[in-house]
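Residue-level structural notes
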Amino acid sequence: MKRIKIKELLATTQVGTQACVKGWVRTKRISKNIIFIALNDGSTLHNLQIVVEPSQLPEVTLQSIVPGSSLCVEGTVTASQGQQQRIELHGKQLTVLGDAANYPLQPKKHSLAFLRTIAHLRFRTNTFGAVFRIRHAISYAIHQFFHEQGFVYLHTPIITGIDAEGAGAMFHVTTLAPDHLPKQEDGSVDFLQDFFAQRTHLTVSGQLEAEAAALGLAEVYTFGPTFRAENSNTTRHLAEFCMVEPEMAFYDLKDNIALAETLLKYLIRFVMEQCPDDLAFLHQKTLAAQPSRNTETTLPLLERLERIIAQPFQCITYTEAIDILKASKANKKGKFVYPIQGWGDDLQAEHERYLVERFFKQPVVITDYPNAIKAFYMRQNEDEKTVAAMDILFPGIGEIVGGSQREERLDKLLTRMQQMKINTETLQWYLDTRRFGTVPHSGFGLGLERLVQFITGMENIRDVIPFPRTPGNASF
Ligand code: 4AD
Ligand code: MG
């Protein structure tokens, strides 16, 4: 008999129908000589209740039905006597596909930290099932959104010789043996003998290649793995993460911000519509974790999401942000680890969170940062002190989007690259895009995991990616 997914069976199958399901045992309970099995196949948060009589099964089969073992069950869909579910499956034939003696995921509460150590098994829990179904829905909706808007999906290279952000720490890519590095006469490594005959890294951003494509295809986006070798051991940083990077010809900074805001709201709405059960489950978790406090980050999950889509994002300049922070009680009372001295200071996570969670109590877009703290490709403003940058900050997350209008004027771009000591040799192709038919254009990067974190309410970014890569950890 053909297998039916539990999600489909629970939603549509009529009482009296014969059905075949396959999945993993969550719990087993024996009552009045009847076995009740909660079976989950990953298609939905909900388990299917399987009812079997022990007398129908050989002793070895009975022994093997334990939490974690995998089963194939054929039987009759029956109206359930229990309150928990509409229907259940009365098994006529039951086969154990794989047993699970000493299964480490016994049905009891496990800490997220423990589950990280068995990341290969955590897909079988309610929490991670919900998180990864939602992560899928977001990824799918990203493609749907850009497709609807006429964007072209672009695969930008993962191996690259350029440092798009100008300052990022990068992972080397080489086939040279670490203990037999070929040397030049001056003692430096001879990368001409390496696989690509040059120094190469894992990309920190596909932006520069996306810009080239946008100046021809007009509206493009890349969406793929990105790598940062920074030693950031926080709940917001990964060494390998996914970034969505749209790049649009003929867009100025305002158009850029409007697109990012529309995208973020579209994605949140999509998940609310498509994943109501998984969201409701995660919502309940946030209620259980934080019953009484009621600040922006401790609001129940669904309220947090509804607030984002209900109102326009607050837009302020960097200069206004500094004024607010400088005058804040937190700053005056020395509550910031990095006190705000004045204009020119970089904004730390604590400052971003103050603005979003305490001052405005909604997402904040900060624009026009000092050029000294932003990347070389951002467009110089007329004051020659600031650039047409924008960061979008979310409650509980901090920076979720970073972007800018790009410097399309060749002379200004060259001057800035020289000031910032960016190697213009390797970026001649990039400069060509400003030599031949340059146009105003803009783009941004949205960190997928930070968005999944926000939408699922998971506190640690390591719990929204299947196998996290962080300093000191590349297990699995
Ligand atoms: O602000 P970032 O570094 O911007 C860029 O890379 C630009 N080239 C994007 C562009 O304009 N096309 O990174 C963009 C976003 C951040 O706002 C954050 O959401 C995410 O990527 N991000 C990280 N997410 C997880 N772990 C890290 N280490 C991250 N670094 C950045
Ligand atoms: Mg940034």
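Computed from a predicted model, the values in this text were never measured in an experiment. Every chain begins its residue count from 1, and numbering advances along the sequence as written. In the order they appear in the text, chains get letters beginning with A and ligands get numbers beginning with 1. Under the rules for a predicted model, residues below a pLDDT of 70 receive no local features and side-chain atom pairs below 80 are neither given nor counted, while totals for whole chains, interfaces and linings still include all residues. Note that the side-chain values use all heavy atoms of the structure and ignore hydrogens as well as water.

**A few points about a positive patch on the surface**
A grouping of Lys329, Lys333, Lys335, Arg358 and Lys361 is seen on the molecular surface, where their side chains present a positively charged patch. Mapped onto the elements, lysine 333 comes out in the loop between helix H10 (329-332) and helix H11 (349-360). A residue counts toward a patch only above 30% relative accessible area and without a salt bridge, and it is joined to like-charged neighbours within 9 Å or, for Val, Leu, Ile, Met, Phe, Trp and Tyr, to nonpolar neighbours within 5 Å. Accessibility throughout is a Shrake-Rupley quantity obtained with a 1.4 Å probe, and a residue counts as covered only by protein chains that appear here. For salt bridges, the criterion is a side-chain nitrogen of Lys or Arg within 4 Å of an Asp or Glu carboxyl oxygen. When charges are counted, Lys and Arg contribute as positive and Asp and Glu as negative, whereas His and the chain ends are disregarded. The atoms used to mark charge sites are NZ of Lys, CZ of Arg, CG of Asp and CD of Glu. Helical segments are the DSSP runs of H or I of at least four residues, strand segments are the runs of E of at least two, and each set is numbered from the N terminus.

**So, the domain arrangement of the protein**
Boundaries between domains were set according to an automatic or database domain assignment. If you check the domain split of the protein, you get domain 1 (6-98) and domain 2 (124-169 + 204-463). Of note, the centres of domain 1 and domain 2, computed from C-alpha atoms alone, are 45 Å apart. A contact between two residues is defined here by any heavy atoms of the two lying within 4.5 Å. With eight residues of domain 1 at the contact, the number on the domain 2 side is seven residues. Interface of domain 1 and domain 2: buried area, both sides summed, is about 640 Å²; carbon and sulfur atoms make up 41% of it. The quantity reported as buried area is the accessible area (1.4 Å probe) lost by two parts once they are put together, taken as the sum for both. When the buried area of domain 1 at its contact with domain 2 is split by residue, Trp24, Arg26 and Leu45 rank highest and sum to 70% of it. Residue composition of the side of domain 1 that touches domain 2, by class: two nonpolar, five polar and one charged. Each residue gets one label: Ala, Val, Leu, Ile, Met, Phe, Trp, Tyr, Cys and Pro are nonpolar, Asp, Glu, Lys and Arg are charged, and the others, such as Gly, are polar.

**Re the state of the cysteines**
Cysteine sulfurs are considered disulfide-paired once they come within 2.5 Å of each other. Summed over the entire model, instances satisfying the criterion amount to zero disulfides. Free cysteine cysteine 72: the closest other cysteine sulfur is in cysteine 20, separated by 3.9 Å. A residue is classified by how much of its surface remains accessible, and cysteine 72, at 13% relative accessible area, is buried. When a residue's accessible area, from a 1.4 Å probe over protein chains only, is under 20% of the maximum for its type it is buried; when over 50% it is exposed; and in between it is partly exposed.

**What to know about the site of ligand 1**
Neighbouring ligand 1 are 23 residues, the closest being Glu165, Gln207, Glu245, Glu399 and Ile400. Pairs of N or O atoms within 3.5 Å make up the polar contacts considered here, provided that, within protein, one atom can donate a hydrogen while the other can accept it, and that residues adjacent in sequence are counted only when both atoms are side-chain atoms. Measuring from a nitrogen atom of ligand 1, one finds a side-chain N or O atom of glutamate 245 at 2.8 Å. The contact in question runs from a nitrogen atom of ligand 1 to an N or O atom on the side chain of tyrosine 377, over 3.5 Å. Coverage of ligand 1 by the protein chains reaches 93% of its 630 Å² of free accessible surface. For the shell around ligand 1, the secondary-structure elements that each account for two or more residues are strand E11 (240-249), strand E15 (398-405) and strand E16 (441-447). Split by residue class, the shell around ligand 1 holds eight nonpolar, eight polar and seven charged. Distances are taken per atom, and a residue is near a molecule or strand as soon as one of its heavy atoms is within 4 Å of it.

**Focus: the sheet that holds strand E9 (residues 200-202)**
By definition, two strands form a pair when at least two bridges between them are found by DSSP. Read across the open sheet, the three strands follow the order E7-E9-E8; overall the sheet is antiparallel. Here the strands that pair on one side only, and so sit at the sheet edges, are strand E7 (159-160) and strand E8 (172-173).

**Looking at the nonpolar core**
Nonpolar cores were defined as sets of buried Ala, Val, Leu, Ile, Met, Phe, Trp, Tyr and Cys residues, with membership established by side-chain atoms within 4.5 Å. Ile138, Ile392, Phe394, Leu446 and Ile455 are the most contacted members of the largest nonpolar core, which totals 66 residues. By residue number, the principal contributor to this core is helix H6 (residues 253-274), which donates twelve residues. Not counting the four nearest positions on each side in its chain, isoleucine 138 is found in contact with Leu267, Val271, Leu448, Leu451, Val452 and Ile455. In this structure, Val204, Ile340, Met378 and Ile422 belong to the second largest nonpolar core, which totals 35 residues.

**Details of the packing of helix H4 (residues 126-148) against H6**
Only the contacting stretch of a helix is used when fitting its axis, a line to C-alpha atoms as for every element, and angles between N-to-C directions run 0 to 180 degrees. With their axes 9 Å apart at the nearest point, H4 and H6 run at an angle of 135° to one another. When the axis of H4 is compared with that of H6, the two are oblique. As for the relative orientation of H4 and H6, their crossing is right-handed in sense. Residue-level inspection shows Ile134, Ala137, Ile138, Tyr140, Ala141, Ile142, Gln144, Phe145, Phe146 and Glu148 of H4 in contact with H6, the latter providing Leu259, Thr262, Leu263, Tyr266, Leu267, Phe270 and Val271. Here the residues of the contact of H4 with H6 are counted per class, giving 14 nonpolar, two polar and one charged. An angle below 35 degrees is read as roughly parallel, one above 145 as roughly antiparallel, one from 65 to 115 as roughly perpendicular, and any other as oblique. In this scheme, a crossing is called left-handed if the near helix is turned counterclockwise away from the far one by less than a right angle; it is called right-handed if the turn is clockwise.

**Describing H6**
Expected span of a helix: the number of residues minus one, times 1.5 Å. The first and last C-alpha atoms of H6 sit 31 Å apart over 22 residues, in line with the 32 Å expected at 1.5 Å per residue. The N-terminus of H6 is capped by aspartate 252, whose side-chain oxygen sits 3.1 Å from the backbone nitrogen of lysine 254.

**Thoughts on the packing of helix H8 (residues 301-310) against helix H14 (residues 448-456)**
Two numbers describe how H8 lies on H14: the axes approach to 8 Å, and their chain directions differ by 120°. Of the possible angle classes, the one that applies to H8 and H14 is oblique. Together, Leu301, Arg304, Leu305 and Ile308 of H8 and Phe454, Ile455 and Thr456 of H14 make up the contact between the two elements.

**A closer look at the packing of aromatic side chains**
Any two rings among Phe, Tyr and Trp, with Trp reduced to its six-membered ring, count as a pair given centres within 6.5 Å; such a pair is stacked if its planes are under 30 degrees apart, edge-to-face if over 60, and tilted if neither. Within this structure, the stated rule accounts for 20 aromatic pairs. An aromatic cluster is defined as three or more aromatic residues linked by ring pairs; in this entry it consists of Phe145, Phe146, Phe151, Tyr153, Tyr221 and Tyr266. Comment: the charge-over-ring label is applied if NZ (Lys) or CZ (Arg) is within 6 Å of the ring centre and within 35 degrees of the ring normal. Sitting above the plane of the phenylalanine 36 ring, arginine 29 keeps its charged end 4.4 Å from the centroid. The positively charged end of lysine 385 is found above the aromatic ring belonging to tryptophan 343, 4.8 Å away from the centroid.

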